[in-house]
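# Architecture at a glance
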Amino acid sequence: MDYFVLDYETYFDSKAKYSLRCMTTEEYINDPRFKCFGFSVLRNGGKAHWIPEERMEFMLRQLKLHEHAVISHNAQFDMAILNWKYGVKPKFIIDTLSMARGILGNESKLGLAALGERYGIGDKGDTLLHMDGVRSPSPSLMRKLGEYCENDSNMTWKLWKILRPEISRSELVVIDITTRMFTEPSFELDPIPILRELELGDIKKGKLLQAAGCTMEDLRSDPKFAMLLQNLGVVPPKKLSVKKSEKQGTPVYAWAFAKSDVDFKALGEHEDELVRWAVEARLGLKSTIKQSRAERFLGIQKRMGSMPVALTYYGAGTGRYAASSSAKVNMQN
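Anyway, here's the lowdown on the structure attached to this text. Every value quoted in this text rests on a predicted model; they were computed, and no experiment measured them. (Residues numbered from 1 in each chain as written. Predicted model: local features only at pLDDT ≥ 70, side-chain atom pairs only at ≥ 80, totals over all residues. Heavy atoms only, no water.)

Bringing the overall build of the protein chain into the picture now. Each helix and strand in the protein chain was counted, giving 13 helices and 11 strands. Along the first, second and third principal axes, the C-alpha atoms of the protein chain reach 80 × 45 × 45 Å. Counting across all 333 residues of the protein chain, residues that qualify as buried make up 47%. For the protein chain, restricting intrachain contacts to residue pairs at least 6 apart in sequence, the fraction spanning at least 24 positions comes to 64%. Of the charged side chains in the protein chain, 48 are positive and 42 negative; the average position of the first set lies 2 Å away from that of the second. (Helix = DSSP H or I, 4+ residues; strand = E, 2+ residues; numbered from the N terminus. Buried < 20%, exposed > 50% of the residue type's maximum accessible area, 1.4 Å probe, protein only. Contact = heavy atoms within 4.5 Å. Lys, Arg positive; Asp, Glu negative; His and termini not counted. Charge placed at Lys NZ, Arg CZ, Asp CG, Glu CD.)

As structure tokens, then:
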């Protein structure tokens with residue numbers, strides 16, 4: 001089995017909020033605007049080669065990556081492109097980002113640039129700063145992008161060689177499985193119960209507003225919100241206002257409707273779902289947690305049909321999984 005380093009370069013536009021900073025990895029890759037300029041590939045520590053867009057599919061057939069191990073830094077991204085766009089599933093997936101997190105801890109800076117500086121294995125450069133919003137790069141800019149990508153592959157290989165002695169084979173297997181849970185999803189999403197949940201949410205919202213006798217915006221009003229809770233059979237919580245009490249020389253109580261108010265937070269666990277929804281609405285949410293989740297699930301179902309499970313290897317200080325910050329769906333919940 002050979003070891004390949006693979007790194008993709010893709011289009012992004014920060015002004016249009018089409019980037020991994022503004023979107024989940026799944027949303028970004030499945031967006032109609034997605035465009036791959038090419039990838040760099042390095043085999044067994046040899047010379048890195050830039051493969052432009054027009055040659056990518058041909059080269060992927062020649063490389064036969066399904067028979068070999070593929071290394072990437074942030075493999076969830078590169079391996080998702082490899083499978084979702086080109087139907088290629090490597091025999092074994094190695095993620096140097098996950099390896100670094102397990103070895104150095106999740107408090108460290110783990111980007112390739114930071115690790116390059118830490119281990120003295122290279123400088124990423126600033127070519128991507130000139131690619132923001134550029135869908136059709138000039139030949140000179142494309143050449144620089146290729147060199148930038150090749151450099152990333154070289155740095156990733158060097159990082160792999162440094163980190164490999166520090167991590168066991170069994171942990172590499174865990175990283176491989178964790179990555180595949182995202183890049184090769186097997187949970188099929190059924191849209192029927194998702195749509196049913198959204199419809200029920202709209203019905204509940206209507207009942208709540210009818211009971212309150214106000215609009216969503218009116219829920220910001222303390223008196224109206226207190227009236228709503230009373231109509232739902234709940235005694236609105238109050239708290240002592242220290243400043244007003246000192247000013248008036250007598251105890252003055254105010255509505256305790258802040259996120260930090262213990263009694264108000266407790267209503268978020270009330271047995272009546274309308275009460276729970278009212279609390280969430282007051283806190284500025286547009287829907288219940290269940291409805292928000294249903295909306296996100298429906299979007300994923302429409303885009304790809306199956307549910308990528310995005311978990312971060314060694315994401316917590318204890319070493320357990322954490323929800324991926326690039327997914328907005330925590331399957332552990």
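More follows now that the structure is in view.
A separate point is the nonpolar core. Core analysis: the biggest nonpolar cluster contains 39 residues, and Leu-6, Tyr-8, Tyr-28, Ile-29, Phe-39, Leu-65 and Leu-82 have the highest contact counts within it. Take this core: its biggest share by element is seven residues, from helix H3 (residues 75-86). Ignoring any residue separated from it by four or fewer positions in sequence, one finds Tyr-28 in contact with Thr-10, Tyr-11, Phe-12, Tyr-18, Ser-19, Leu-20, Met-23, Phe-34 and Phe-77. In this structure, Val-5, Phe-92, Leu-110 and Leu-115 belong to the second largest nonpolar core, which totals 23 residues. (Core = buried A, V, L, I, M, F, W, Y, C linked by side-chain atoms within 4.5 Å.)

Among the structural elements, Thr-25 can be located in helix H1 (residues 25-30). Aside from chain neighbours lying at most four places away, what touches Thr-25 is Leu-20, Phe-77, Phe-182 and Ser-326.

With the rule as written, the count across this model stands at 10 salt bridges. Among the charged side chains, a salt-bridge network with shared partners connects Asp-176, Arg-180 and Glu-184. (Salt bridge = Lys/Arg side-chain N within 4 Å of Asp/Glu carboxyl O.)

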